[in-house]
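Structure at a glance
The primary structure of each chain is shown beneath.
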Amino acid sequence: GDGLSGKCNMLEGVGTLASQPKDSRDSQGESTQPPLALLSFETRWFCMSLFWRNRENRWLSLLRFLSAELTRGYFLEHNEAKYTERRERVYTCMRIPRELEKLMVFGIFLCLDAFLYVFTLLPLRVFLALFRLFTLPCYGLRDRRLLQPAQVCDILKGVILVICYFMMHYVDYSMMYHLIRGQSVIKLYIIYNMLEVADRLFSSFGQDILDALYWTATEPKERKRAHIGVIPHFFMAVLYVFLHAILIMVQATTLNVAFNSHNKSLLTIMMSNNFVEIKGSVFKKFEKNNLFQMSNSDIKERFTNYVLLLIVCLRNMEQFSWNPDHLWVLFPDVCMVIASETAVDIVKHAFITKFNDITADVYSEYRASLAFDLVSSRQKNAYTDYSDSVARRMGFIPLPLAVLLIRVVTSSIKVQGVLSYACVILFYFGLISLKILNSIVLLGKSCQYVKEAKMEDKLFNSPPASAPGKPPNKSQNKCKPSQGTFEENLSASVTSQPVHPKENVIPLLVASSSDQFLTTPDGDEKDITQESSELKHRSAKKDLLEVDRFTICGNRID
């Protein structure tokens with residue numbers, strides 16, 4: 001043992017000496033070379049074998065580590081919940097395009113129905129209202145009202161439409177086109193972005209102006225006057241519709257310039273602006289109600305883009321003398337704009353639902369909520385027209401867009417001769433048929449969606465007769481119609497006229513908690529505290545029904 005330890009110590013000394021340079025010398029000039037020659041052959045052999053054995057052990061350790069890395073295993077089932085959640089997220093992203101497009105198609109047809117109403121049924125309703133107004137002295141005054149509130153609103157819409165149409169004749173479309181075409185590409189890109197923001201601002205405030213006009217014109221005269229009068233509200237509404245129509249005309253003109261540019265650079269920049277929207281939306285926190293608002297905004301934006309593309313095609317076809325070959329030249333650009341808009345919406349909604357843990361089934365709830373608006377506007381206790389409910393829900397106001405489309409069509413198509421007028425009449429009857437068919441299909445689909453969402457009990461609840469601001473009684477909402485009588489009640493309410501409430505009864509609309517807080521007097525604070533606990537535990541479907549109008553500027557609910 002002593003000999004082996006001595007040899008090991010000697011080995012350490014040899015290793016230390018061997019690491020020194022061979023020609024090293026001390027301070028006196030004597031050589032410091034290790035005296036290897038003094039070691040015996042047995043000692044040297046032992047040292048060399050020990051050295052190679054240690055080196056072999058190092059290689060074995062490295063090979064063992066590499067082998068462990070290559071054959072190391074693990075079991076995913078140890079964290080089954082985590083991986084199941086990841087798989088469900090992937091399936092949700094795969095379901096988003098289908099569910100989103102189903103909502104988009106339903107919403108676009110709702111906007112189309114409200115848009116066709118302005119061209120088809122509104123003129124007929126205005127004619128019937130004027131006929132009643134002029135023939136009323138022949139039959140005597142059987143009612144205290146000369147006209148029903150709905151007829152007053154129809155006449156106001158028709159007068160605003162006619163006045164704004166004649167005012168649009170003073171706007172030169174050709175001069176606007178050449179003025180915009182003379183600008184640089186970057187300036188046009190900035191202008192187009194500013195127009196989009198201005199359009200959202202106009203839409204958010206415009207329906208409030210129109211609603212204020214309708215309520216001021218139809219408010220019972222026994223009430224205390226708390227407004228500035230019908231005439232100022234009417235002029236504000238006319239000014240709003242005219243300015244919004246000019247704004248949409250500038251948007252259409254800018255898009256027309258982009259289509260007619262030689263290198264299509266402006267069109268590419270305007271399409272890339274849609275992808276910037278992903279950056280501003282994806283990385284924000286969204287609740288279900290906020291996503292519902294964004295979905296309504298996307299529906300309105302997509303339908304407006306379709307109408308703008310129609311206006312661009314009409315103007316270009318007029319310039320080329322309605323040559324059908326030029327339509328195929330525009331067709332690729334139109335498809336490219338539509339495809340980019342659809343792709344941006346799908347990517348945006350897919351990542352928003354992923355980052356906020358929202359399932360794809362929420363879009364069926366949104367579709368049921370839109371269907372509920374359509375069905376409820378046909379009830380006896382309806383408090384608004386269907387087109388106005390779409391405007392409040394989606395921010396889509398059809399009057400300015402209708403004024404612009406009528407202006408473009410009348411300036412692009414010249415009607416001369418009896419045959420041309422006959423074609424116009426046939427086209428008008430075709431629009432009426434399309435409107436009726438679209439309304440029937442939408443009403444049937446809406447009833448189906450409402451039944452699937454189990455929202456029938458909310459349709460036939462009559463507005464409670466109580467003072468404004470007080471929450472409704474619980475006992476008044478306990479009546480629940482059966483499944484068998486749902487179609488009968490709905491068909492009866494669709495085909496019958498709404499019942500006018502008594503003068504001493506003030507109907508109460510369903511209000512949110514913030515409205516109750518603002519309109520409740522001091523003596524009713526106890527009622528608010530009793531109902532506050534119930535408002536905290538309301539379901540998501542009730543919250544969706546209380547989202548009255550899209551707050552376009554902020555993607556939030558006040």
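On a predicted model such as this, the values are computed, not experimentally measured, just so you know. (Residues numbered from 1 in each chain as written. Predicted model: local features only at pLDDT ≥ 70, side-chain atom pairs only at ≥ 80, totals over all residues. Heavy atoms only, no water.)

1. Digging into the overall build of the chain
Our working definition: Helix and strand definitions follow DSSP, with helices as H or I runs of at least four residues and strands as E runs of at least two, each counted in order from the N terminus. Using a 1.4 Å probe on the protein chains alone, a residue whose accessible area is under 20% of its type maximum counts as buried, one over 50% counts as exposed, and one in between counts as partly exposed. Contacts: residue pairs with any heavy atoms within 4.5 Å of one another. Areas reported as accessible are Shrake-Rupley estimates using a 1.4 Å probe. Residue values count occlusion only from the protein chains shown.
Per the secondary structure count, the chain includes 19 helices and zero strands. By the burial criterion, 39% of the 558 residues in the chain qualify as buried. Sequence separation of at least 24 residues holds for 85% of the intrachain contacts in the chain that already meet a minimum separation of 6. Of the roughly 33,300 Å² that the chain leaves accessible, carbon and sulfur atoms contribute 63%.

2. Regarding the pattern of salt bridges
Worth spelling out the cut-off: Think of a salt bridge as a Lys or Arg side-chain nitrogen and an Asp or Glu carboxyl oxygen that are within 4 Å of each other.
Per the counting criterion, the structure on display carries 18 salt bridges. Between Arg 95 and Glu 99 there is a salt bridge, with the nearest N and O atoms lying 4.0 Å from each other. Of this pair, Arg 95 and Glu 99 both sit in helix H3 (residues 80–119), four residues apart, which is roughly one turn of the helix. A relative accessible area of 38% places Arg 95 in the partly exposed class. Under the relative-accessibility criterion, Glu 99 is labelled buried at 8%.

3. Description of unusual backbone geometry
As a rule of thumb, non-glycine residues mostly have phi less than zero, and peptide bonds are mostly trans rather than cis. You will see that Ser 321, though not glycine, has its phi angle at about 55°, which is positive. By relative accessible area, which is 63% here, Ser 321 ends up exposed. Despite not being glycine, Lys 454 shows a phi value in the positive range, around 55°. Here Lys 454 shows up in the loop between helix H15 (418–452) and helix H16 (486–495). What makes Lys 454 exposed here is its relative accessible area of 65%.

4. Points about the UniProt feature "transmembrane region" (unreviewed entry) in the chain
Heads up, the rule is: UniProt positions are given in the numbering used here, feature names are shortened, and annotations may be inferred rather than shown by experiment.
Per the UniProt record, "transmembrane region" (unreviewed entry) is found at residues 154–171, 234–259, 396–413 and 419–444. With 83% helix and 0% strand, the stretch residues 154–171 has end C-alpha atoms that lie 26 Å from each other.

5. Regarding the nonpolar core
Note the threshold: The definition of a nonpolar core used throughout is a set of buried Ala, Val, Leu, Ile, Met, Phe, Trp, Tyr and Cys residues joined through side-chain atoms within 4.5 Å.
Counting residues in hydrophobic clusters, the biggest one holds 107 residues, and the most contacted among them are Ile 160 and Phe 259. The leading source of residues in this core is helix H8 (residues 230–260), at 16 residues. With residues up to four places along the chain from it excluded, the contact list for Ile 160 reads Leu 210, Leu 213, Phe 234, Ala 237, Val 238 and Val 241.

6. Quick notes on a nonpolar patch on the surface
Applicable threshold: Residues with no salt bridge and a relative accessible area higher than 30% make up the patches, which join like charges within 9 Å and nonpolar side chains (Val, Leu, Ile, Met, Phe, Trp, Tyr) within 5 Å.
Taken together, the side chains of Trp 322, Val 409, Ile 413, Val 415, Tyr 421 and Val 424 make up a nonpolar region of the molecular surface, amounting to roughly 500 Å² of accessible area. Here Val 409 shows up in helix H14 (residues 398–412). Taking the relative accessible area as the measure of exposure, Val 409 reaches 30% and is therefore partly exposed.

7. Some words on the confidence of the model for the chain
What counts here: Confidence of the predictor at the level of single residues is captured by pLDDT, which takes values from 0 to 100.
For the chain, per-residue confidence averages 75 on the pLDDT scale, and 69% of positions sit at 70 or higher. Across the chain, H15 holds the top mean pLDDT of 92, while helix H17 (residues 513–519) sits lowest at 34. Here residues 502–542 is a poorly scored stretch, pLDDT under 50, and it has 39 contacts once near neighbours within four places are set aside; other chains count. Contacts of residues 549–558 to residues separated by more than four positions or lying in other chains number 30 contacts, the stretch itself having pLDDT below 50.

8. Some thoughts on the packing of helix H10 (residues 288–319) against helix H11 (residues 324–355)
Stated precisely, the cut-off is as follows: Axis angles are defined between N-to-C directions and span 0 to 180 degrees, where every axis is a line fitted to C-alpha atoms and, for a helix, only to the segment in contact. Angles are sorted into four bins: roughly parallel if under 35 degrees, roughly antiparallel if over 145, roughly perpendicular if 65 to 115, and oblique for all others. Three classes are used: nonpolar for Ala, Val, Leu, Ile, Met, Phe, Trp, Tyr, Cys and Pro, charged for Asp, Glu, Lys and Arg, and polar for all others, with Gly counted as polar.
Viewed as axis vectors pointing N to C, H10 and H11 meet at an angle of 170°, and their least axial separation amounts to 11 Å. By the angle between their axes, H10 is roughly antiparallel relative to H11. Of the residues belonging to the contact of H10 with H11, the class tally is 13 nonpolar, seven polar and six charged.

9. Comments concerning the packing of aromatic side chains
Here is the rule: Only centres within 6.5 Å qualify two rings of Phe, Tyr or Trp (six-membered ring in Trp) as a pair; their planes then separate them into stacked at under 30 degrees, edge-to-face at over 60, and tilted for everything else. Note on criteria: charge over ring means Lys NZ or Arg CZ within 6 Å of the ring centre, with the direction from the centre no more than 35 degrees off the ring normal.
Here the structure, examined in full by the defined rule, presents 13 aromatic pairs. For the pair Phe 351 and Phe 355, a centre-to-centre distance of 5.9 Å together with 45° between the ring planes defines the contact as tilted. Of this pair, Phe 351 and Phe 355 both sit in helix H11, four residues apart, roughly one helical turn. By relative accessible area, Phe 351 is classed as partly exposed at 38%. Of the aromatic side chains, those joined through ring pairs into one cluster are Phe 115, Phe 119, Phe 303 and Phe 396. Here Arg 367 stacks its cationic end above the ring of Tyr 449, 4.6 Å away from the centre of that ring.

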